[in-house]
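Here is how the chains run, residue by residue.
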Amino acid sequence: MKMSALLAVVFASLAYLLIRLLHLTALSCAPLIFVKDQSSQFVQSVLELCPTLHQPYVPPLLWGKSGHIQTIAYAKMGRVSTKIPSGVRHSKVLPDGATLTFDVYEPHTPHKSGASYCILICPGIGSSSESAYIHTLVDSAQQAGYISVVLNHLGALRNVALTAPRLFTYGGTEELKAVRQEVEALHPGCGLILVGCSMGGNIIIKYLGENKENQRGVLAAISICTGYDIVTSMPIMLSWKNMSRGYIYVITANQKRIIGWHRKQLLTEDIKKSKGIDEDKIFSSKILSDLDESYTRRLLGYSSVQEYYDKESAGHYIQNVKIPLLLVNAEDDPIVPPPLLKFPKEAANKLPNCIFALTKHGGHLGYFEKGLVYPNVVTWMDRLIVEFSDAISTMHQNGSLPLYVEDKATTPIANGSTTHTTIKSTDSGDFDLDQNGATAC
């Protein structure tokens, strides 16, 4: 009897720990929506045309409410039952001799408006058109009638040799600018929507904010799981709280692997001597800041890692973005800690055409959806990107879309409180907006 009781206690304890670790009792909630003016025509139109923003996001029942498992599942398998889209690879030689590649995918069906629209995707760190999560996003966009273009970060494709001694960087916008120019030449008159995932989101926000002319001709931008400010992030990510340091180890190892692929092009004797680069220090780096100190900031000519991170972070440019902007983050993202969410909240509080959607679950670029164990093929993230793009194209067609307007002066984001909007479904199928501070559940 005593042994049976002991086993029952052990089993109950393990079950309790499993329930806590997997957050099995947590509710599936609609995202919290942060906006400056909930009554604006733009916000009302987006909410009406994007039901995903006011419906609960339901992760896989057994594991989907763990941000760690969502993130690891994305990192290890990308997506389930990935369909590899068929596209055409293009290349362009940049002024410094670097050869940029990007892939263009034609739509499977005409766009519902009868017009031509293009989604230009800037992937996350080390990702490319060959990444599984990009495949599902491209396929979803093709099914909805969009031309899809994917920027391949310099060095991210092992089988594409570098023709200049440099890799992609955290906030480098030269490649995005060049791809955009090529796309506009290939598809003149096409409505352009920018989509950035993680580091790609940092790049598109910085690109739009660093030069107001870059916003001209862009209909809207979508940023998913962006970190906004690596200066704020790095001290937090170096702690073992929430396993943050473990993720930094993995990201650093991946960066070193990419450098290793292209060692002959990147680490010539001339480069090492002229830039003061120690090859041994690069490959012995354990954390990203050490790698960037030994290599990246020296290659780019920054005086310190702090200066590099500060100049390359989108959080300093986001207040200049006037075109429609959708920012999406998850509360349980282990790579984008909560202190970084002040940047999208402040942007939504300041910018009339900015919407910030904060989900309770989803991890980092996971957003797997539904199922007990095996999730849907199309993720919540894929659905939202296409749905928001549809909303933008609809407003563009009916003339209600806020377009780029030149501003003579730019006011920095003010510090202060940020209100959020909770969307609650009603029996009629419409939605009410409430700002009483309640959760979205």
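What counts and what doesn't
- Residues numbered from 1 in each chain as written.
- Predicted model: local features only at pLDDT ≥ 70, side-chain atom pairs only at ≥ 80, totals over all residues.
- Heavy atoms only, no water.
- Helix = DSSP H or I, 4+ residues; strand = E, 2+ residues; numbered from the N terminus.
- Contact = heavy atoms within 4.5 Å.
- Areas by Shrake-Rupley, 256 points an atom, 1.4 Å probe, with all protein chains shown as cover.
- Salt bridge = Lys/Arg side-chain N within 4 Å of Asp/Glu carboxyl O.
- Buried < 20%, exposed > 50% of the residue type's maximum accessible area, 1.4 Å probe, protein only.
- Core = buried A, V, L, I, M, F, W, Y, C linked by side-chain atoms within 4.5 Å.
- Pairing = 2+ DSSP bridges.
- Axes fitted to C-alpha atoms, helices over the stretch in contact; angles between N-to-C directions.
- Phe/Tyr/Trp six-rings, centres within 6.5 Å; stacked < 30°, edge-to-face > 60°.
- Disulfide = S-S within 2.5 Å.
- Parallel < 35°, antiparallel > 145°, perpendicular 65-115°, else oblique.
- Left-handed = near helix turned anticlockwise from the far one by under 90°.
- Nonpolar A, V, L, I, M, F, W, Y, C, P; charged D, E, K, R; others polar.

Student: I keep staring at the overall build of the protein chain and nothing clicks. Help me out?
Tutor: Looking only at helices and strands, the protein chain features 15 helices and 11 strands. Of the contacts made within the protein chain by residues no fewer than 6 positions apart, 78% connect residues no fewer than 24 positions apart. Counting only carbon and sulfur atoms, one obtains 56% of the accessible surface of the protein chain, whose full area is about 19200 Å².

Student: What should I look at first to understand the pattern of salt bridges in this one?
Tutor: Where charged atoms from two side chains of opposite charge approach closely, those side chains can pair. Scanning all chains against the criterion turns up 15 salt bridges. The salt bridge partner of Glu213 is Arg216, with a shortest N-O separation of 2.9 Å. A salt bridge links Lys272 to Glu269; its shortest N-O distance comes to 3.1 Å. Taken together, the residues span about one helical turn, with Lys272 and Glu269 both in helix H10 (residues 269-275) at a distance of three residues. According to the relative accessible area criterion, Lys272 is buried, its value standing at 16%. You can call Glu269 exposed: its relative accessible area is 58%. A single network of salt bridges, built from pairs that share partners, joins Arg263, Glu269, Lys272 and Glu279.

Student: Got a minute to help me understand the nonpolar core in this structure?
Tutor: A general trend in soluble globular proteins is that nonpolar side chains are found buried together. Core analysis: the biggest nonpolar cluster contains 75 residues, and Val149, Leu194, Tyr295 and Leu327 have the highest contact counts within it. When residues in this core are grouped by element, the largest group, six residues, is from helix H6 (residues 199-210). Those residues in contact with Tyr295 that lie beyond four places of it in its chain are Pro165, Leu167, Ile259, Leu266, Leu267, Ile277 and Ile282. In terms of nonpolar packing, the next biggest core, distinct from the first, is built from 48 residues, Ile119, Tyr133, Ile222 and Ile392 among them.

Student: I would appreciate a short explanation of the sheet that holds strand E9 (residues 354-359) in the present structure.
Tutor: Each strand in a sheet pairs with another by means of backbone hydrogen bonds, the pair being arranged parallel or else antiparallel. Judged by pairing direction, the sheet is mixed, and its nine strands sit side by side in the order E1-E9-E8-E7-E6-E4-E5-E3-E2 without closing on themselves. A strand with exactly one partner marks an edge of an open sheet, and here the two such strands are strand E1 (32-34) and strand E2 (88-93). Each strand axis lies, on average, 20° off the axis of its neighbour in the sheet, ignoring direction. In terms of strand pairing, strand E6 (residues 191-197) meets strand E7 (residues 218-224) through six bridges, oriented parallel. For Leu192, the partnering residue across the bridge sits in E7 and is Val218. Across the face of the sheet, helix H4 (residues 132-143) comes into contact with strand E3 (99-105), strand E4 (117-122), strand E5 (147-152) and E6 while running at roughly 160° to E5. Helix H15 (residues 380-398) contacts E4, E6, E7, strand E8 (325-330) and E9 of the sheet and is inclined by roughly 165° relative to E7.

Student: Got a minute to help me understand the packing of aromatic side chains in this structure?
Tutor: The geometry of an aromatic ring pair is captured by two quantities: the separation of the ring centres and the angle between the planes. Applying the stated criterion across every chain yields a total of seven aromatic pairs. Centroid distance Tyr302 to Tyr308: 5.6 Å. Interplanar angle 45°. Geometry classified as tilted. The exposure class assigned to Tyr308 is buried, which follows from its relative accessible area of 2%. By way of ring pairs, the aromatic residues Tyr57, Tyr367 and Trp380 are connected into one cluster.

Student: Can you help me understand unusual backbone geometry in this one?
Tutor: Leave glycine aside and you will find that most residues have negative phi; peptide bonds, for their part, are mostly trans. Even without a glycine there, the phi angle at Leu365 is positive, about 60°. Summarising the element assignment, Leu365 is placed in the loop between E9 and H15. Given the relative accessible area of 0%, Leu365 is considered buried. Its identity as a non-glycine residue notwithstanding, Tyr367 has a phi of 55°, on the positive side.

Student: Would you mind showing me how to read the state of the cysteines here?
Tutor: Two cysteines joined by a covalent bond between their sulfur atoms form a disulfide. Under the counting rule described, the total for this entry stands at zero disulfides. The structure places no disulfide on Cys122, whose sulfur is separated from the nearest cysteine sulfur, that of Cys197, by 8.5 Å. Given a relative accessible area of 0%, Cys122 falls into the buried group.

Student: Help me understand the packing of helix H2 (residues 41-49) against H15, please; the structure alone is not making it clear to me.
Tutor: A pair of packed helices is characterised by two quantities: the angle between their axes and the separation of those axes. At a minimum axis separation of 9 Å, H2 and H15 run at an interaxial angle of 130°. Judged by the angle between their axes, H2 and H15 are oblique. Of the two possible hands of crossing, H2 and H15 adopt the one that is right-handed. In this structure, H2 contributes Phe42, Ser45, Val46 and Leu49 to the contact, and H15 contributes Glu387, Phe388, Ala391, Ile392, Thr394 and Met395. Class assignment of the residues belonging to the contact of H2 with H15 gives a composition of seven nonpolar, two polar and one charged.

Student: Looking at this structure, I do not really get the pairing of E4. What am I missing?
Tutor: Put simply, side chains in a regular strand alternate between the two faces of the sheet. Of all six residues that make up E4, six are buried, and the element is covered over most of its length. Side chains of E4 alternate between two faces, with Tyr117, Ile119 and Ile121 and Cys118, Leu120 and Cys122 buried alike. With six bridges joining them, E4 and E6 adopt parallel strand pairing. By the bridge assignment for E6, Tyr117 is matched with Gly191.

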